[in-house]
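A closer look at the structure
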Amino acid sequence: MVRKIVSLVVFLPLGVLLVVLAVANRASVNLALNPFNPADQALSVSAPLFVFLIVAVMLGVLLGATVTWFTQGKHRKKARNQSRMAQQWQAEADRQKTRAEEIAGSTLPQLGAR
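Residues numbered from 1 in each chain as written. Predicted model: local features only at pLDDT ≥ 70, side-chain atom pairs only at ≥ 80, totals over all residues. Heavy atoms only, no water.

Check the secondary structure of the protein and you find 3 helices and 2 strands. For 114 residues, the compact-globule estimate of 2.2 N^0.38 gives 13 Å, and the C-alpha radius of gyration of the protein, at 32 Å, exceeds that figure by more than 25%. In terms of overall dimensions, the protein has a C-alpha envelope of 105 × 35 × 15 Å along the principal axes. Within the protein, the proportion of its 114 residues that are buried is 4%. When contacts within the protein are restricted to residue pairs at least 6 apart in sequence, long-range pairs at least 24 apart make up 19% of them. Entry remark: accessible area of the protein is about 10200 Å², with carbon and sulfur atoms responsible for 69%. Looking at the protein, you have 13 positive and 5 negative side-chain charges, and the mean spots of the two groups are 9 Å apart. (Helix = DSSP H or I, 4+ residues; strand = E, 2+ residues; numbered from the N terminus. Rg over C-alpha atoms; globule rule 2.2 N^0.38 Å. Buried < 20%, exposed > 50% of the residue type's maximum accessible area, 1.4 Å probe, protein only. Contact = heavy atoms within 4.5 Å. Areas by Shrake-Rupley, 256 points an atom, 1.4 Å probe, with all protein chains shown as cover. Lys, Arg positive; Asp, Glu negative; His and termini not counted. Charge placed at Lys NZ, Arg CZ, Asp CG, Glu CD.)

For Leu 49, the position within the fold is in helix α2 (residues 49-71). Spatially, the C-alpha atoms of Leu 49 and Leu 12 are 22 Å apart, while their sequence positions differ by 37 residues. Those residues in contact with Leu 49 that sit more than four places away from it in its chain are Asn 25, Ala 27 and Val 29.

Here the focus is the pattern of salt bridges. Within the structure shown, the criterion is met by 1 salt bridge. The partner of Glu 92 in a salt bridge is Arg 95, with the nearest N and O atoms 2.5 Å apart. Taken together, the residues span about one helical turn, with Glu 92 and Arg 95 both in helix α3 (residues 73-107) at a distance of 3 residues. Glu 92 gets classed as partly exposed once you look at its relative accessible area, which sits at 26%. (Salt bridge = Lys/Arg side-chain N within 4 Å of Asp/Glu carboxyl O.)

This brings us to a positive patch on the surface. Residues Arg 76, Lys 77, Arg 80 and Arg 84 make up a contiguous surface patch of positive charge. Residue placement: Arg 76 occurs in helix α3. (Patch = residues over 30% accessible without salt bridge, like charges linked within 9 Å, V, L, I, M, F, W, Y side chains within 5 Å.)

Chain-level pLDDT for the protein is 87 on average; 94% of the residues reach the 70-or-more range. Averaged pLDDT values for the elements of the protein fall to 86 in helix α1 (residues 2-24) and rise to 93 in α3. (pLDDT = per-residue confidence, 0-100.)

Right, let's get into the side chain of Asn 34. Its place among the elements puts Asn 34 in the loop between β1 (28-32) and β2 (44-48). A polar contact of 3.2 Å, which involves the side chain of Asn 34, links it to the backbone nitrogen of Phe 36. Beyond its immediate stretch of four places on either side in the chain, Asn 34 contacts Asp 40 and Leu 43. (Polar contact = N/O pair within 3.5 Å; in protein donor to acceptor, adjacent residues only side chain to side chain.)

The topology assignment puts Ser 44 in strand β2. Engagement of the side chain of Ser 44 in a polar contact is seen with the backbone oxygen of Gln 41, the distance being 3.4 Å. With near-sequence residues (within four places) excluded, Ser 44 lies in contact with Leu 31, Ala 32 and Leu 33.

For the pair α2 and α3, the least separation of the axes is 4 Å and the interaxial angle reads 45 degrees. With respect to their mutual orientation, α2 and α3 come out oblique. Here Trp 69, Phe 70 and Thr 71 of α2 come into contact with α3, specifically with Gly 73, Lys 74, His 75 and Arg 76. Taken together, the residues of the contact of α2 with α3 break down into 2 nonpolar, 3 polar and 2 charged. (Axes fitted to C-alpha atoms, helices over the stretch in contact; angles between N-to-C directions. Parallel < 35°, antiparallel > 145°, perpendicular 65-115°, else oblique. Nonpolar A, V, L, I, M, F, W, Y, C, P; charged D, E, K, R; others polar.)

Next up, the structure:
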């Protein structure tokens with residue numbers, strides 16, 4: 001519930017800001033992809049400014065997510081290894097528990113026999 005409220009508090013103003021930017025920047029601009037000859041029409045893209053802004057934000061989010069995913073790889077690997085070891089130790093503990101119960105069951109005197 002708190003997570004929904006926090007995301008609503010964060011994403012609602014961000015969405016409003018993006019809509020305001022889109023409405024305010026509807027004019028078409030040229031993005032020149034050729035740094036040596038900006039007038040070259042073959043390597044230029046024309047679109048409203050808000051499209052370029054939104055695409056830049058989306059690319060930034062994707063790039064940040066990718067870098068974060070790669071840098072956290074060692075932690076994920078460590079967690080997988082520890083999970084595997086925990087399962088092995090749990091299985092060993094279960095085997096030892098059943099063995100102890102078998103040993104204790106065979107050495108205890110029967111309560112009904114006197």
